[in-house]
Structures are given as C-alpha cells and as structure tokens.
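# Architecture at a glance
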Amino acid sequence: MSAVQSLRLEYLTPAESRSEGWHGVLGAAAFEAGARVLNGAGVDFPLAHVHAPVLNDAREMVEVWRAGGRAQPGSHGRVRYARDGDFLFGSLAVHEAEVTASAEPGSGGSRLRTPLEIATALAYREMYAAVAAAGNPQLLRIWNYIPNINLDTHGLERYRQFNTARHETSLACGRAVAGNVPAASALGAAAGSPLTIYFLASRRAPAFIENPRQVSAYRYPAQYGPRSPAFSRATVLGEGSEAMLFVSGTASIVGHRTLHAGDPAAQTRETLANIEALLEEAARRSGTEELRLEALAYKVYVRDPKDLPVIRAELESALGPEAALLFLKADICRRDLAVEIEAVGGGGGRPSA
Ligand code: 3EB
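Report on the accompanying structure.

## As for the overall build of the chain
A count of helices and strands for the chain gives seven helices and 20 strands. For 353 residues, the compact-globule estimate of 2.2 N^0.38 gives 20 Å, and the C-alpha radius of gyration of the chain, at 19 Å, lies within 12% of that figure. Projecting the C-alpha coordinates of the chain onto the three principal axes gives extents of approximately 50 × 45 × 40 Å. Each of the 353 residues in the chain was classed as buried or not, and the buried ones make up 59%.

## Looking at the site of the ligand
Around the ligand sit 13 residues, and of these Tyr-159, Arg-166, Tyr-220, Arg-233 and Cys-333 come closest. Take Arg-166: an N or O atom from its side chain is 2.7 Å from an oxygen atom of the ligand. Within the side chain of Arg-233, one N or O atom sits 2.8 Å away from an oxygen atom of the ligand. Expressed as a share of its isolated accessible area of 360 Å², the protein-covered part of the ligand is 100%. If you list the elements that add at least two residues to the shell around the ligand, you get helix H5 (158–172) and strand E11 (183–189).

## Digging into the packing of helix H4 (residues 115–134) against H5
Contact pair H4 / H5: the axes reach a minimum separation of 8 Å and the direction vectors enclose 40°. Considered as vectors, H4 and H5 are oriented oblique to each other. Read as a crossing pair, H4 and H5 show a hand that is right-handed. Counting all contacts with H4, which are made through Leu-116, Glu-117, Thr-120, Ala-121, Tyr-124, Arg-125 and Tyr-128, the residues of H5 involved are Arg-158, Gln-161, Phe-162, Thr-164, Ala-165, Arg-166, Thr-169, Ser-170 and Ala-172.

## Thoughts on H5
Between its first and last C-alpha, H5 extends 21 Å over 15 residues, near the 21 Å set by a 1.5 Å rise per residue. Along H5, 12 of the 15 residues are buried, which leaves the element largely enclosed by surrounding structure. For H5, the set of buried residues is Arg-158, Tyr-159, Gln-161, Phe-162, Asn-163, Thr-164, Ala-165, Arg-166, His-167, Glu-168, Thr-169 and Ser-170.

## Examining the environment of Arg-160
Its location among the elements puts Arg-160 in helix H5. Arg-160 gets classed as partly exposed once you look at its relative accessible area, which sits at 25%. Taking the C-alpha atoms as reference points, Arg-160 and Glu-117, 43 residues apart in sequence, are found 9.4 Å from one another. Setting aside its immediate chain neighbours within four residues, Arg-160 contacts Gln-223, Tyr-224 and Gly-225.

## Comments concerning the sheet that holds strand E3 (residues 47–50)
Strands in a sheet are paired, the pairing made by backbone hydrogen bonds, and the direction either parallel or antiparallel. Taken in spatial order, the four strands of this open sheet run E1-E4-E2-E3, and their pairing is mixed. Each edge of the sheet is formed by a strand with only one pairing partner; in this case those strands are strand E1 (8–12) and E3. Strand after strand, the sheet turns through a mean of 15° between neighbouring axes, direction not considered. In terms of strand pairing, E1 meets strand E4 (residues 62–66) through five bridges, oriented antiparallel. Each bridged residue has a counterpart across the sheet, and for Leu-12 the counterpart in E4 is Val-62.

Basis of the calculations
Going along each chain's sequence as written, the residues are numbered from 1 onward. Selection of residues for local features in this predicted model requires a pLDDT of at least 70, selection of side-chain atom pairs for listing and counting requires 80 or more, and totals for whole chains, interfaces and linings are taken over all residues. The side-chain numbers reported here are obtained from all heavy atoms of the structure, hydrogens and water having been left aside. The numbering of helices and of strands both runs from the N terminus, where a helix is a DSSP run of H or I of at least 4 residues and a strand a run of E of at least 2. What the globule rule says is 2.2 Å times the number of residues to the power 0.38, and the radius of gyration is computed from C-alpha atoms. For the exposure calls, accessible area comes from a 1.4 Å probe over protein chains only, and a residue counts as buried if that area is under 20% of its type's maximum, exposed if over 50%, partly exposed in between. We call a residue near a molecule or strand as soon as one heavy atom of that residue lies within 4 Å of the molecule or strand. Polar contacts, as counted here, are pairs of nitrogen or oxygen atoms within 3.5 Å of one another; within protein the pair requires one atom able to donate a hydrogen and one able to accept it, and residues that are adjacent in sequence qualify only if both atoms are side-chain atoms. Accessibility throughout is a Shrake-Rupley quantity obtained with a 1.4 Å probe, and a residue counts as covered only by protein chains that appear here. Comment: axis = line fitted to C-alpha atoms, over the contacting stretch for helices; angle = value between 0 and 180 degrees taken between N-to-C directions. The scheme is simple: roughly parallel for angles under 35 degrees, roughly antiparallel for over 145, roughly perpendicular for 65 to 115, oblique for anything else. Take the far helix as your reference; a near helix turned counterclockwise from it by less than a right angle gives a left-handed crossing, and one turned clockwise gives a right-handed crossing. Working rule for contacts: check all heavy atoms of both residues, and any pair within 4.5 Å makes them a contact. A helix's residues, less one, multiplied by 1.5 Å, set its expected span. In this analysis, strands are considered paired if DSSP registers two or more bridges between them.

See the structure below:
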C-alpha cells in the first residue's frame, strides 16, 4: 500500500453516534455514562470503559476510531482487538484484586510487588504479546487509566508503582524504555475501577518526537520516582500532509519542573506552548506543517471541575470556538498539576466534537 491508510478520530455525542452509525469503526472508548450508548447499540468492536466523567454538556460522549474498512476482531488473553490494514486498536482491563490472589509475591526475584505493579505487568505483557501475534507490533499510542493514581501505598505513590512496572515489564519483553517508546497518557480513574488500557498499533514504525522545552520523560530525574515514565512526547505515522500525529498527555512542565502550581489558567497556557513547540518539532522532523494548533482534536483532563470555566476559556481563546474538545474529570499524575491535554492530528480530516 503506497498511500497512508487513514485513521479517523471522532468525539461523538449520543445523537451524533446514532446518526453516523458504527460503519468502519476499529475501536472506541466510552467515558462513564457513555458506556450506556454503546452497550445499548450492541457493538462488536473493542471498547474501553474509562471510569472518568465527561465534563462537556453532553455527558455521554464516546471516542471513536474509524479505519474505514471491515475490521477483523481478535483477542489475546484479556486483550480484545480489531485490525484493519495498517492499524490495530486494542483494549484491556485488569482488576487488581483478581491478579493478587494468584500472584506469588517476590517470585523469581521480581521487583514487582504491589497489586498495581502486578496488574500493570500483566497488562503490558498481554498488550505486547497481542500486538506481536497480530502482526501490528509497532505501538503508536497508549492510554492508561489508573484508579487512585495519586494515592501512596506500600511506601510509593501509585503512579510511580505503575511506572516501575511499565519500565520493568517493557525491559523484560525486549521493548524500549527510552527513545523509541510510544506516545501515552496516564491519568486517574474512579477508585475501585480496574486498571484500564487501550492502544493503537501499526505494522509500520512511527517517528518518535521529543519536546525541546521539556526533559524527555524517560530521562526525568529520580525525584519523580525510581523508574522513569517510558513514553515519547509524540509519535508521527507517515510524513507530510498524510501524516497522523499523536500528542501524549502534555502538562505545564518545562524542563522537568511543574510551573504555575495553583493557577489553572496559566497551566493551560503553558501546556499549549508545549504543544505548539511539539508541533514545530514534528513539522521539522516529519514535514507536518499543516498540523497547526487549531487543526487538532483535544482531550482535556481537569482535576477539579471548578477549574473547567477558566481552562475552557483559555483553550477557546487560543483555538477558536469551533475547536474539538473533550473534557474529562481525572486526577493527573503530579499532585500540583490541575490540567493535562492530549491531542491527535491528521489522518481523516479534522475530527468533530
Ligand atoms: C508529564 O509530562 C505529565 O506516564 O504515560 C503525561 C503523558 C504524563 C504520559 C505517562 C505521564 C504519562 O510527565 C504526565
């Protein structure tokens, strides 16, 4: 195939999903109440249930990925996936209570000891095995939703436990933990929900983009945890006008430090400056200059819903009133961060919201 097959992202309200239907859908994510829309529709594609409430007026929005053709379903362990040409969408959920019952603590000299570490290791092993077996081994983008992400247990914050297990498991599976690592987001989810992960993979390797304003997350100093977070700031699949850009969760971090603690408006502006710098870097590396800030679709994680009006006002003043924005309430991996923003650009035109 010479041309880049297009993959299209849409953030849909229930009414829009009813009118557009489910033709060519590769996979989807439903946020809290949105699960009702999809369960009622009896869909047969992989679906991630993310336990984070939508803050848009339409509370039942879903994130839909279309590859356009007839997707082939598959499963591997807990992973459900669908493939369509170049692309694979997969999803899995792991309850910590379920894995700790069967795990032998400390077996094989493993560093992984907490329930979340064991669940994360299991999830990443199954994800890596699934994409390899399906023949789409190149991970482009991973979304991680971690219940009680900021809670300290076993002497370590749960986000840092997640990082330990992601890092160790990736090494054990022969995957990179720096450099050629997928774009990602890691956010909180409701207490009691399972560790929930969904991902996009390809047959072709993407370009891995770092942000010149930020220390690479995989080079963060040890003050942020014993194992660094293994993700790239962005990945780009393809080149030029056909490229697809996946921007990782991005926050008000310059160098490795949080800026503007306690000021959600300033954090939003700093985050947009970070995304703009990343767009310049992607344009320089992959010729994606058509992907300007206004042309992206955004998912915006807000820690405290009372900050939503100021965060939304900053975004609309920077992006215009028509911007595609999905707002979710979620805890963010540093306690001093009020907002985190991820984005997607390119592929099948400008996404709707
Ligand atoms: C940061 O820049 C903010 O651990 O996968 C953003 C995106 C963040 C992904 C992850 C974490 C992750 O460090 C946090």
